[in-house]
Amino acid sequence: MTTNDTVDALIIGAGPCGLVLAIDLRRRGLTVHIVERGETLGPGSRGKGIQPRTMEVFDDLGVLDAVLAAGGPYPIGMIWRDGQRQGEHRMFEVGEATEAAPFQGPWMLPQWRTQDILHARLRELGGEVAFGRELLSIAQDPEGVTASFASGPDLRARYVVGADGGRSTVRQRLGIGMTGEVVDPHPILVADVRIRGLDRDNWHVFPPHGDGDGFMAICPLPGVDDFQFVAQFPAGSTCDLSLDGIRAVIAARSHLAAADVTDVSWASSLQPRAALADRFRDGRVFLAGDAAHVHSPAGGQGLNTSIQDAYNLAWKLAAVLRGEAGAALLDTYEEERLPIAADMLGLSSRIHRGEMRRGKETQQLGLGYRFSSIVLETRQGVPDDVLHAGDRAPDGRRDGIRLFDAFRGPHWTLLTVGPEVPLPPLGVPVARVREYDVYGNGVFLIRPDGYVGWAGDTAAGLMSYAASVGVEALVYSE
Ligand SMILES: Cc1cc2nc3c(=O)[nH]c(=O)nc-3n(C[C@H](O)[C@H](O)[C@H](O)COP(=O)(O)OP(=O)(O)OC[C@H]3O[C@@H](n4cnc5c(N)ncnc54)[C@H](O)[C@@H]3O)c2cc1C
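Since this is a predicted model, take the numbers as computed values, not measurements.

1. Focus: the site of the ligand
In step 1: Neighbouring the ligand are 30 residues, the closest being Cys17, Glu36, Gln111, Leu135 and Asp290.
In step 2: Cysteine 17 has a polar backbone atom sitting 3.0 Å from an oxygen atom of the ligand.
In step 3: Within the side chain of glutamine 111, a nitrogen or oxygen atom sits 2.8 Å from an oxygen atom of the ligand.
In step 4: Residue assignment for the shell around the ligand shows that the elements contributing at least two residues are helix H1 (16-26), strand E17 (261-270) and helix H7 (302-321).
In step 5: Residue composition of the shell around the ligand, grouped by class: 11 nonpolar, 12 polar and seven charged.

See below:
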């Protein structure tokens, strides 16, 4: 049995990636169906670090206030040995917020809470996750895709996105390989626990003693009484996820007693792996998030890269579905995101192996698409260290305008900096700023995902670029 209606997009998996994609498509007025195998959103604090670039995305998607209210800054690390505090240890470098980059350092929020906030926003936009719907198979034809589930009717969509996590059924059904390596043979146990006798001002770190035990860290989570407990185990061992198992590890590797651990609300284990799908697309079906790339948790890149995938894909899918751009625009999703994901794998593996610190690169503010076939830099001789087409469009407060306010929403934005220049009738919101050295003088067409799509000294040539990427028809219903 198939439901009669063909929806614009069917999203498999209601993790952070699927939820962001659903929100971004819904706010563009598309019909979206999002299915989730579980009966609820996934539990656990897992990816708890929201990077600054993701905070900017959350601002655009209308969830920033909720994320700020529910989360908190990372506490400073405290090294313990033999029950004694050895001193503070900063896990990463945090710079100062600036006019151009208003968020600095990761913001901590348990992943289950992030998902709850995204789910609430999706519902506000009239979307609904269909729980208890496990995808089993997909079949494509020239007009669309039919998806079949473990129970319930088949669904029909013009496009499908597999946001169904590292073991992606969608990826397997498409026969897309995943190439990668084990980053570390030592398995890691991650759990949400209640513990007596530890303060909530520090991220408590217990280095290995030797004798086969491993690294252990216990981090207070904001807004709840839980701590996130992380422990590394010898290669080849199986992690015991029970309350007693976790109590035994904490008692053996710290000054705490087993009975100080009063509750374990969620526990899981993982083998740190870095792997990349060979392709991010097959016809009308896309892979996004962990379905396309899995990382070591070190450096907090997994959840953030997954959200950025969704944010890159949503406006392109919308432009094609609404007939504003040709289907070739969809090719640029893999073109832009696969190299970024490949770099992220390298970054998180190096951080995991202790070869580099968690520095600026982890914030994802420097990522961009200068290499992309859909960005166009028409100015001659712009030095590499100056803002180019393809770069993230920075924030700023000039001439009574806040740039992120001007960019917020599903539309493109035309920004001019410097003396007034004539602009073509593009039909997009225009922001004019007299001077802002972060941009330099020029005309900048900002993509819906906040990157500079086109840059020029004047607007000459802008119209033909705009037509090729679907800038027109900007009346979106929110
Ligand atoms: C134990 C653990 C600890 C982690 N720690 C960190 C960390 O510290 N920092 C960090 O950045 N990242 C961490 N991660 C990774 C982070 O959680 C992921 O990168 C992030 O969840 C990816 O989001 P996603 O939406 O792509 O996939 P997921 O969050 O995996 O969501 C996929 C969803 O699809 C659903 N699904 C799967 N198959 C089907 C199907 N056939 N039909 C329907 N639905 C399906 C799943 O139930 C799930 O809800 C951790 C992950 C794990 C498992």
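Here the narrative resumes.
2. Overview of the nonpolar core
In step 1: If you look at the biggest cluster of nonpolar residues, it comprises 94 residues, and the most contacted ones within it are Leu10, Leu25, Leu317 and Leu445.
In step 2: A total of 12 residues in this core trace back to one element, the largest contributor, which is H7.
In step 3: Aside from chain neighbours lying at most four places away, what touches leucine 445 is Trp412, Thr413, Leu414, Leu426, Val428, Tyr451, Val452, Gly453, Trp454, Leu462, Tyr465 and Val471.
In step 4: If you look at the next biggest cluster of nonpolar residues, it comprises 21 residues, including Val193, Ile195, Ile218 and Phe233.

3. Observations regarding the layout of surface pockets
In step 1: Here the second largest pocket defines a volume of roughly 360 Å³.
In step 2: In terms of lining, the second largest pocket is formed by 17 residues, of which the most central are Leu365, Gly366, Leu387, Asp391 and Arg392.
In step 3: Its residues placed into classes, the lining of the second largest pocket shows seven nonpolar, three polar and seven charged.

4. Here's the deal with helix H4 (residues 111-124)
In step 1: Here H4 contains 14 residues, and its C-alpha end-to-end distance of 20 Å stays within 8% of the 20 Å for a straight helix at 1.5 Å per residue.
In step 2: Directly after H4, the chain includes glycine 126, whose backbone phi takes a positive value near 90°.

5. Some details on the side chain of serine 168
In step 1: Mapped onto the elements, serine 168 comes out in the loop between strand E11 (154-162) and helix H5 (169-174).
In step 2: Relative accessible area serves as the criterion here: at 0%, serine 168 is assigned to the buried category.
In step 3: Within polar-contact distance, the side chain of serine 168 engages the backbone nitrogen of arginine 171 at 2.8 Å.
In step 4: Residue contacts for serine 168: discarding those within four places in its chain leaves Leu287 and Ala291.

6. What about the packing of aromatic side chains?
In step 1: Evaluated as defined, the whole model comprises 12 aromatic pairs.
In step 2: Between tryptophan 315 and tryptophan 412, the ring centres sit 5.3 Å apart and the planes meet at 85°, which makes this aromatic pair edge-to-face. Of this pair, tryptophan 315 sits in helix H7 while tryptophan 412 sits in the loop between helix H9 (403-407) and strand E25 (413-417); the two residues are 97 residues apart in sequence, bridging distant segments of the chain.
In step 3: Residue classification places tryptophan 315 among the buried positions, given a relative accessible area of 3%.
In step 4: Centre to centre, the rings of tyrosine 436 and tyrosine 439 are 5.7 Å apart; their planes meet at 40°, and the pair counts as tilted. For the pair tyrosine 436 and tyrosine 439, one class covers both residues: buried.
In step 5: When the ring centre of phenylalanine 233 is taken as reference, the NZ or CZ atom of arginine 253 above it lies at 4.9 Å.

Scoring rules and cut-offs
- Every residue gets a number counted from 1 within its own chain, in the order that chain's sequence is written.
- Per-residue local features are limited, in this predicted model, to residues with pLDDT of at least 70; the limit for side-chain atom pairs, both in listing and counting, is 80 or more; totals at the level of whole chains, interfaces and linings are taken over all residues.
- As a convention, hydrogens and water are excluded, and side-chain values are obtained from all of the structure's heavy atoms.
- When we say a residue is near a molecule or strand, we mean one of its heavy atoms is within 4 Å of it.
- Identification of polar contacts relies on pairs of N or O atoms within 3.5 Å, with a donor-acceptor requirement for protein atoms, meaning one able to donate a hydrogen and the other able to accept it, and with residues adjacent in sequence counted only if both atoms are side-chain atoms.
- By definition, any uninterrupted DSSP run of H or I lasting at least four residues is a helix, any uninterrupted run of E lasting at least two residues is a strand, and each is numbered from the N terminus.
- Polarity classes work like this: nonpolar for Ala, Val, Leu, Ile, Met, Phe, Trp, Tyr, Cys and Pro, charged for Asp, Glu, Lys and Arg, and polar for all others, with Gly in that last group.
- We call a set of buried residues a nonpolar core when its members are Ala, Val, Leu, Ile, Met, Phe, Trp, Tyr or Cys and they connect through side-chain atoms within 4.5 Å of each other.
- Throughout this description, buried means an accessible area under 20% of the type-specific maximum (1.4 Å probe, protein chains only), exposed means over 50%, and partly exposed covers the range between.
- Whether two residues are in contact is decided by their heavy atoms, any of which lying within 4.5 Å being enough.
- Buriedness of a pocket was judged along seven lines, with at least five required to meet protein on both sides within 12 Å; pockets are open sets of points on a 1 Å grid over the protein atoms alone, cavities are sets where a 1.4 Å probe fits but cannot get out, and lining residues have an atom within 4 Å of a point.
- Grid points are joined across faces, edges and corners, and a volume is the space filled by probe spheres set on the points.
- Multiply 1.5 Å by the residue count of a helix minus one, and that product is the helix's expected span.
- Any two of the Phe, Tyr and Trp rings considered here, Trp counted by its six-membered ring, make a pair once their centres fall within 6.5 Å; the pair's planes then place it as stacked at under 30 degrees, edge-to-face at over 60, or tilted in between.
- Whether a charge lies above a ring is judged from NZ of Lys or CZ of Arg, which has to be within 6 Å of the ring centre and within 35 degrees of the ring normal.

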